[in-house]
Amino acid sequence: MHSREELDFVNLSGLLDIIPPIVGYYVLSVLVCLPDTRTWRNGLVPIVLFLAYRAATTVDLSFANERMVYLNKGLVLAMSVLSFRSIVWAQSKKPYRRLQRVKYGPEGTLSESQPASIDWRQLQLDASDLAFGLRGIGWDWSQGMHIPAEKRSTSSDRSFALSTLASLVSHIPVFDLLHYSVQRFGPGTFATTSGGSIFNEGLPPLICYSRSTFLSLLSGLVVYCAIQIAYDFCTLIGIIVLRQSPTQWPPIFDEPWKADSLSDFWARRWHQLFRHFFIGLGWIPLYHVFGRIGGVLGAFLVSGILHYMGLWGLGSGSDVLGMIGFFMLMGAGVILEGFWKSFTGYKVEGWSGRIWTTVWLLGWSNLLVDAWARKGLMGSLFIPDSRRLPVQIFGVIPTQ
C-alpha cells in the first residue's frame, strides 16, 4: 500500500508531463510567425504529437476521484486541440501575420489593418497570443470569421471587467441548477459515475423520447453555461492580469437560440473556437476532392473526432455513433439546407427555419447526450454538494 504522501507525489510529478507538449506547441507558434520555417515545423510536429499523446494518456487530473474524471476529459480535449492546431501550423505555406489593431467591419467581421512589428519581443507576444487565442482575433488567418456584436461597454477596462464578472457570477448558479435538474431525472442511473442511458425503455415510446429530448435540451444548456463561465473567467484574466484590450475578448456566443438554420447555428451563433482546424484538417482536404459536400462533412468529421477523443478521456471508452455520428448528421443537415436552396431558390430562414433547426438539432442530440450519460459524465462533481443551493433545497442525489 502507498501512503497518501506517496500518491500525491506520484500525481504531482505526473503533472510535469503536461509541460513538454505545451513548450513544443509554443515553439511551433513562434515558428509559424516566421518565414521559411516550414521544414522546421514539419520536423517538430511529430515530437509535439507524441508528447501530447503521452500527457493525455498518463496524467490523472482527477487524482483518482471518480466524480472529478471530467478533468481528464478536459485534458484530452486540450491535448487534442493542441495537436490539431500544431498539424495545421506545420502545413502552413505562409507565415501567420498578426494585425496591429483590431477593427470590426460590416456585420461583425474582422477588417485588416497594418501588419505588426516583428522584433523579438513582439514575436514572443504574438506567439503567446496565437497559442492561446483560439479564434485568432487580430490575425490574418481568421478573416471572414463571424464575430458577435459586443453588448458590454468597451470604453474602459474597468466597466468591461465588471460586466464580464456579472456574467460569470450569474451563469454559475444557472449552470448548477441545470446540472442538478439533469441529475434529478436519473438517480441511480445516469446521475451516477457509473453512467446509464437517458432512454427509459419502461416508458411508452412517445414519453420515453420526449423525456430524453428534454434532457438533451437541458444538457445543451449546461454545456452553454459551462463554456460561457470558462470564457468569462479567461476574459477576466486577459483584461486584469495580462492587460489586454476588451476588443480581444468579444462575445463567444451570438444568441444561438435565435438560429434559423443549421448553417446559421454552427457557423455564426455557436462558439467558433475550433473553426480554424476544422477548416484546415476537414473542409479544405475534402473540398478539393468532393466539393462543398465533402468540405462540410470533413469539417464536421473533425469536430466529431475531437469530441470522440474527449469522451475517451473519461476512461470508459468512447462512442462513435454518439460523437462522430451526431456531428456527421449535423453536416448532413447543412447539406440538405444547401439542396433546398438549390431546388427552391430560397434560403432556410425565418420561423420555419427555426423550427427545422430545433427539430434536427434536438432530435439527433439524443445520441450525443446519451453517450455522455452512459459514460458517467452526468455524475461529475463541479461544485461541492455542501455548497450547491439546489442540494440544500431539494436534497442530495445519489451519484454512486
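Residues numbered from 1 in each chain as written. Predicted model: local features only at pLDDT ≥ 70, side-chain atom pairs only at ≥ 80, totals over all residues. Heavy atoms only, no water.

Caption draft 1: Expanded view of the overall build of the protein. Scanning the protein for helices and strands turns up 12 helices and 2 strands. Secondary structure elements of the protein, listed N to C terminal, follow the sequence α-α-α-α-β-β-α-α-α-α-α-α-α-α. Taking 21 Å as the expected radius of gyration for a compact globule of 400 residues, we find that the protein reaches 22 Å, a close match to that expectation. Residues classed as buried in the protein amount to 47% of the 400 residues present. In the protein, the proportion of contacts linking residues at least 24 apart, taken out of those at least 6 apart, comes to 71%. Surface summary for the protein: the accessible area is close to 20,600 Å², and the carbon and sulfur share equals 66%. Considering the protein, the positive charge centre built from 33 side chains and the negative charge centre built from 27 side chains are found 5 Å apart. (Helix = DSSP H or I, 4+ residues; strand = E, 2+ residues; numbered from the N terminus. Rg over C-alpha atoms; globule rule 2.2 N^0.38 Å. Buried < 20%, exposed > 50% of the residue type's maximum accessible area, 1.4 Å probe, protein only. Contact = heavy atoms within 4.5 Å. Areas by Shrake-Rupley, 256 points an atom, 1.4 Å probe, with all protein chains shown as cover. Lys, Arg positive; Asp, Glu negative; His and termini not counted. Charge placed at Lys NZ, Arg CZ, Asp CG, Glu CD.)

Caption draft 2: Spotlight on the environment of Y26. Looking at the element boundaries, Y26 is found in helix α2 (residues 19-31). Counting along the chain gives 286 residues from Y26 to W312, while the straight-line C-alpha distance between them is 26 Å. Sequence-distant contacts of Y26, defined by excluding residues within four places in its chain, comprise Q124, A127 and S128. A polar contact is formed between the side chain of Y26 and the backbone oxygen of Q124, at a distance of 3.2 Å. (Polar contact = N/O pair within 3.5 Å; in protein donor to acceptor, adjacent residues only side chain to side chain.)

Caption draft 3: Looking closely at the UniProt feature "transmembrane region" (unreviewed entry) in the protein. The sites that UniProt annotates as "transmembrane region" (unreviewed entry) are residues 12-32, 44-64, 70-90, 221-242, 321-343 and 355-373. Helix makes up 100% of residues 70-90 and strand 0%, whereas the separation of the span's terminal C-alpha atoms amounts to 30 Å. Between the C-alpha atoms that bound residues 221-242 the distance is 30 Å, and the span itself is 95% helix and 0% strand. (UniProt positions renumbered as here; feature names shortened; annotations may be inferred.)

Caption draft 4: Geometry of the UniProt feature "domain: Wax synthase" (unreviewed entry) in the protein. This chain's UniProt record puts "domain: Wax synthase" (unreviewed entry) on residues 249-328. This span, residues 249-328, is 69% helix and 0% strand, and a straight line between its end C-alpha atoms measures 30 Å.

Caption draft 5: Layout of the pattern of salt bridges. This structure, assessed with the given rule, holds 14 salt bridges. Note that K151 is salt-bridged to E255, the shortest N-O span being 2.9 Å. Remark: E255 occurs in the loop between α7 (205-241) and α8 (262-269) and K151 occurs in the loop between α5 (120-132) and α6 (157-184); sequence separation between them is 104 residues. A relative accessible area of 68% means that K151 is categorised as exposed. Connected through salt bridges with shared partners, the residues R67, D176, D385 and R388 form a single ionic network. (Salt bridge = Lys/Arg side-chain N within 4 Å of Asp/Glu carboxyl O.)

Caption draft 6: Main features of helix α11 (residues 350-374). Counted at 1.5 Å a residue, the expected span for α11 with its 25 residues is 36 Å, and the 36 Å between its end C-alpha atoms agrees. Approximately 35° is the largest bend angle found in α11, and it occurs at S365. Considered for burial, the residues of α11 that qualify are G353, T357, W360, L361, S365, N366, L368, V369, D370, A371, W372 and A373. If you follow the buried residues of α11, they end up packed against α7, α8, α9 (275-312) and α10 (320-344). Note on α11: the residue one or two positions beyond its end, G376, has a positive phi of about 90°. (Expected span 1.5 Å × (residues − 1). Bend = angle between axes of the 7 residues up to and from the residue.)

Caption draft 7: Expanded view of the state of the cysteines. In this structure the tally under the stated criterion is 0 disulfides. Between C225, a cysteine without a disulfide, and C234, which holds the nearest cysteine sulfur, the sulfur-to-sulfur distance is 16 Å. Accessibility expressed as a relative area gives 4% for C225, which makes it buried. (Disulfide = S-S within 2.5 Å.)

Caption draft 8: Representation of the nonpolar core within the structure. Membership of the largest hydrophobic core comes to 83 residues, with the highest contact counts inside it found for M79, Y96, L130, W266, F277, M330 and W372. In terms of residue count, helix α4 (residues 70-91) provides more of this core than any other element does, 10 residues in total. In contact with W266, other than residues within four places in its own chain, are Q272, F300, F326, F327, M330 and L361. (Core = buried A, V, L, I, M, F, W, Y, C linked by side-chain atoms within 4.5 Å.)

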